Amino acid sequence: MDGTKSDSSASAATGRTIEIAGIMHAIPHRYPFLLIDRVVELIENVSAVGVKNVSVNENFFAGHFPGHPVMPGVLIIESMAQTAAVLVVETLGPEEAGKVVYFMSVEGAKFRRPVVPGDCLRIHVVKERNRGNVWKFHAIARVDGVAVAEATYAAMIMDQKAGER
């Protein structure tokens, strides 16, 4: 072994779990806009799998659509971005906690089937590249192993105060 990260232990190869308190430490989102409940597999600088347990009690179901609740696609993409933000903060280290992720682009978004109450959304995010504070990701959201949405997106990671006007 040459001591590189690729030779890391089996536990690192399967990633680590981050519970809700760790997510809330890493990113500034809060109810009702915190859209991931747990990160179940995080491999620094590579990938993360976020989990969103979709409940009928979500505030957006009151208006989208009454009598036929469907999770808005834009919120599925937001859950992808939040999973990616946790990946970024965990990659950069704890001193980067609380950073804000600003979307720069969303490409190739596809929605394959509705996400409804009772679904467990698993968001698989892979880092494609980063240069400075700009990161690009590809994500696929799955329910019961079946792809329900996917997108490629770029985001800029900034301090909270840097984004204020």
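Residues numbered from 1 in each chain as written. Predicted model: local features only at pLDDT ≥ 70, side-chain atom pairs only at ≥ 80, totals over all residues. Heavy atoms only, no water.

Draft legend 1. Seen up close, the overall build of the protein chain. Check the secondary structure of the protein chain and you find three helices and seven strands. Reading the protein chain from its N end, one meets helices and strands in the order α-β-α-β-β-α-β-β-β-β. Relative to its full complement of 165 residues, the protein chain shows a buried share of 39%. Looking at the protein chain alone, contacts between residues at least 24 apart form 63% of all its contacts between residues at least 6 apart. For the protein chain, the accessible surface area stands at approximately 8800 Å², while carbon and sulfur atoms represent 55% of it. (Helix = DSSP H or I, 4+ residues; strand = E, 2+ residues; numbered from the N terminus. Buried < 20%, exposed > 50% of the residue type's maximum accessible area, 1.4 Å probe, protein only. Contact = heavy atoms within 4.5 Å. Areas by Shrake-Rupley, 256 points an atom, 1.4 Å probe, with all protein chains shown as cover.)

Draft legend 2. Quick peek at the nonpolar core. Core analysis: the largest hydrophobic core is formed by 38 residues, its most contacted members being Met71, Met80 and Leu121. Sorting the residues of this core by element identifies helix H2 (20–26), strand E2 (38–43), helix H3 (73–92), strand E5 (120–131), strand E6 (134–143) and strand E7 (146–158) as the ones contributing at least two each. The leading source of residues in this core is H3, at 10 residues. Ignoring anything within four residues of it in the chain, the contact list for Met71 reads Lys52, Val54, Phe60, Phe61, His64, Ile76, Val115 and Leu121. (Core = buried A, V, L, I, M, F, W, Y, C linked by side-chain atoms within 4.5 Å.)

Draft legend 3. The pattern of salt bridges, seen in detail. Applying the stated criterion to the full structure yields seven salt bridges. As a salt-bridge pair, Glu107 and Lys136 come within 3.8 Å of each other at their nearest N and O atoms. Remark: Lys136 occurs in strand E6 and Glu107 occurs in strand E4 (residues 100–111); sequence separation between them is 29 residues. Residue class for Lys136 comes out buried when judged on its relative accessible area of 16%. Among the ionic contacts, a cluster of salt bridges with common partners joins Arg16, Glu44 and Glu90. (Salt bridge = Lys/Arg side-chain N within 4 Å of Asp/Glu carboxyl O.)

Draft legend 4. Highlighting the environment of Met24. Within the fold, Met24 resides in helix H2. Spatially, the C-alpha atom of Met24 lies 9.1 Å from that of Ala97, the residues being 73 residues apart in sequence. Discounting chain neighbours no more than four positions away, the residues touching Met24 are Arg30 and Leu34.

Draft legend 5. Representation of H3 in the model. Between its terminal C-alpha atoms H3 stretches 29 Å, which fits the 28 Å expected from 20 residues at 1.5 Å a residue. Burial analysis of H3 places 15 of its 20 residues in the buried class, the great majority of the element. Phi turns positive, to about 115°, at Gly93, one or two residues after H3. (Expected span 1.5 Å × (residues − 1).)

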